[in-house]
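Below, each chain spelled out in residue letters.
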Amino acid sequence: MAETVMRVIGDTLSGADLNAPLLEVDDLRVEFQVRGKRIPAVRGASFTLEQGRTLAVVGESGSGKSVTSQAIMGILDTPPAHITGGRVMLHGVDLLKQDEDTRRTVRGNHIAIVFQDALSALNPLWSVGFQIGELYRVHRGLSRADAKKRAIEMLDLVGIPDAKNRVGHYPHQFSGGMRQRVMIAMALALDPEILIADEPTTALDVTVQAQIMRLLKRIQAERHMGLILITHDLGVVADVADDVAVMYAGEVVERAGIRDAFKRPAHPYTKSLLRAIPRVDTVGQQLEVIRGLPPNPASLPSGCPFHPRCFAAEDKCATEVPPWLEPSETHGSRCHFAEEVYADER
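On a predicted model such as this, the values are computed, not experimentally measured, just so you know. (Residues numbered from 1 in each chain as written. Predicted model: local features only at pLDDT ≥ 70, side-chain atom pairs only at ≥ 80, totals over all residues. Heavy atoms only, no water.)

UniProt records the feature "domain: ABC transporter" (unreviewed entry) for residues 23-274 in the present numbering. Summarising residues 23-274: 42% helix, 28% strand, and an end-to-end C-alpha distance of 27 Å. (UniProt positions renumbered as here; feature names shortened; annotations may be inferred. Helix = DSSP H or I, 4+ residues; strand = E, 2+ residues; numbered from the N terminus.)

The antiparallel open sheet is built from 4 strands, whose spatial order is β2-β1-β4-β5. With partners counted over all chains shown, the strands left at the sheet margins are β2 (37-49) and β5 (93-94), one partner each. Where strand β1 (residues 23-34) and strand β4 (residues 81-90) come together, 8 bridges link them in antiparallel fashion. Residue pairing in the sheet places Phe32 in a bridge with Ala81 of β4. The strands that helix α2 (residues 65-73) touches are β1, β2 and β4; relative to β1, the one it contacts most, it runs at about 110 degrees. (Pairing = 2+ DSSP bridges. Contact = heavy atoms within 4.5 Å. Axes fitted to C-alpha atoms, helices over the stretch in contact; angles between N-to-C directions.)

Attention shifts here to the pairing of strand β6 (residues 111-114). Here β6 shows a buried face lined by Ile111 and Ile113 and a second buried face lined by Ala112 and Val114. As paired strands, β6 and strand β7 (residues 194-198) are joined by 4 bridges and run parallel to one another. Counted as the bridge partner of Ala112 is Leu195 from β7. (Buried < 20%, exposed > 50% of the residue type's maximum accessible area, 1.4 Å probe, protein only.)

The omega angle of the peptide bond from Thr78 to Pro79 is -10 degrees, so this bond is cis rather than trans. Examined against the element boundaries, Pro79 turns out to sit in the loop between α2 and β4. At the junction of Pro79 and Pro80, the peptide bond is cis and its omega measures out at 10 degrees in the coordinates. Here Pro80 shows up in the loop between α2 and β4. Phi is positive for His91, which is not a glycine, with a value near 50 degrees. Here His91 lies in the loop between β4 and β5.

As for its position among the elements, Lys65 is in helix α2. Look at Lys65: it is buried, it has no salt bridge, and the nearest opposite charge is Glu199 at 4.4 Å. Setting aside residues no more than four positions away along its own chain, Lys65 makes contact with Val57, Val58, Gly59, Glu60, Glu199, Ile230, Thr231 and Met247. (Lys, Arg positive; Asp, Glu negative; His and termini not counted. Salt bridge = Lys/Arg side-chain N within 4 Å of Asp/Glu carboxyl O.)

Counted at 1.5 Å a residue, the expected span for helix α9 (residues 206-223) with its 18 residues is 26 Å, and the 26 Å between its end C-alpha atoms agrees. Those residues of α9 that fall on the buried side of the exposure criterion are Val208, Gln209, Ile212, Met213, Leu215, Leu216, Ile219 and Gln220. Down the axis of α9, the buried side of the element spans an arc of 155 degrees, and every buried residue falls inside it. Exposed side of α9, more than 90 degrees from the buried face: Val206, Thr207, Arg214, Ala221 and Glu222 are the residues found there. Packed against the buried residues of α9 are β3 (54-58), α6 (144-157), α8 (176-188), β7, β8 (226-231) and α10 (234-240). (Expected span 1.5 Å × (residues − 1). Arc of directions from axis to C-beta.)

What follows concerns the environment of His169. Mapped onto the fold, His169 is located in the loop between α7 (163-166) and α8. Sequence separation of His169 and Gly159 is 10 residues, and the distance between their C-alpha atoms is 15 Å. In this structure His169 touches Ser127, Val128 and Phe174, once residues within four positions along its chain are discounted.

Listed below in C-alpha cells is the structure:
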C-alpha cells in the first residue's frame, strides 16, 4: 500500500516523502485586494493533518475557514484573492510552489473537496452520472461506458438508492441530502488521500446531517483518508473529530486534541463557543451567547482581535498581540493567559 501511494504521489510531486505529515499548513496568509485596499482574510493559519485522522476547523462565519480550504485546494479566485505567505505541504512538498498543471493533477487525485451548497456546485444541465463520469474520462482516460459504470459504483457507495437508474437523473431531481451524497461521490471518485468537507451538512435537517456524517466517517475509515471538516457545529465535532483547530479573525487561536478542546479549552473564544452549545441539562435556562460581532477584517482591533468580546480580557489584551503558547505537541493557544490552563498539564 505504501509503495503504491509513494509511486502515485511521486508521479505528481517530485521529492514527496511518505514519512512527512500527510498535510501541513504553515503560517498560511491570504488577502483580498478590493478597491485598492488589502484586506487580510487568513493571517498565519497553521495546522497538521495525519493520515486516517479527522481535523475539525471551527469558528464563526468570516473567521477564514473556507478561504483556508480553498487556498489548500488552489481554487481561490485570483484576483481578488492572493496568497501572500506560508506553505501548504503535501507529503513534504510545498503545493504553493508548484505550477498550475501540477496543482490541477493534485486536485481530485490527492485532495478533494465537498462544498456546502451542493445545488450550486452541481451543473444543472448535466446528469449526475455524466458529472461523476467526467472525472474518470478526464483523469483516467476511461470510455463513456466504463465511466458510467464507475459513476454507478460511486452512487451506490454513498447510498443512493437504485443507482443504476438514478445515474441519468439531474441535480434538481434529488433531495438536498441526496445531492450532498452525489457531491461526496464526486469528491471520492479518484480515491483522494485527503477530503475537505466544507460545511457538508448546511441546510440539511438533523436526521440527514447525522446520515451524511456517518457516511463520511465510514468511507474515511474504509479508505484511511485524512478528513478536514470545516464547521461551526461543535456537536458534530464532538462526534467525529480527532483534532480541532479553532479560527478567529483569520488565524488559528487554538489547536488541540478533541478531549483537550472540550475538557480543557485554553482560549476564551473556544470556551465561549462551547458555552453557547445547547445542552440537555440546561433546559429552561437562557442560552449563553458571545457578545458583539466578529471583527471586520479590514479594521481589526489592536492587540488580541477577540478582546472586545472576551469575558476574560485585561488591559494588555487591547495593546499587546498574544503569543502562541505550545507546551506540548497536541495543545496550543494564542492567548496571554493560556498558561493558567497549561499549568495542570505539566
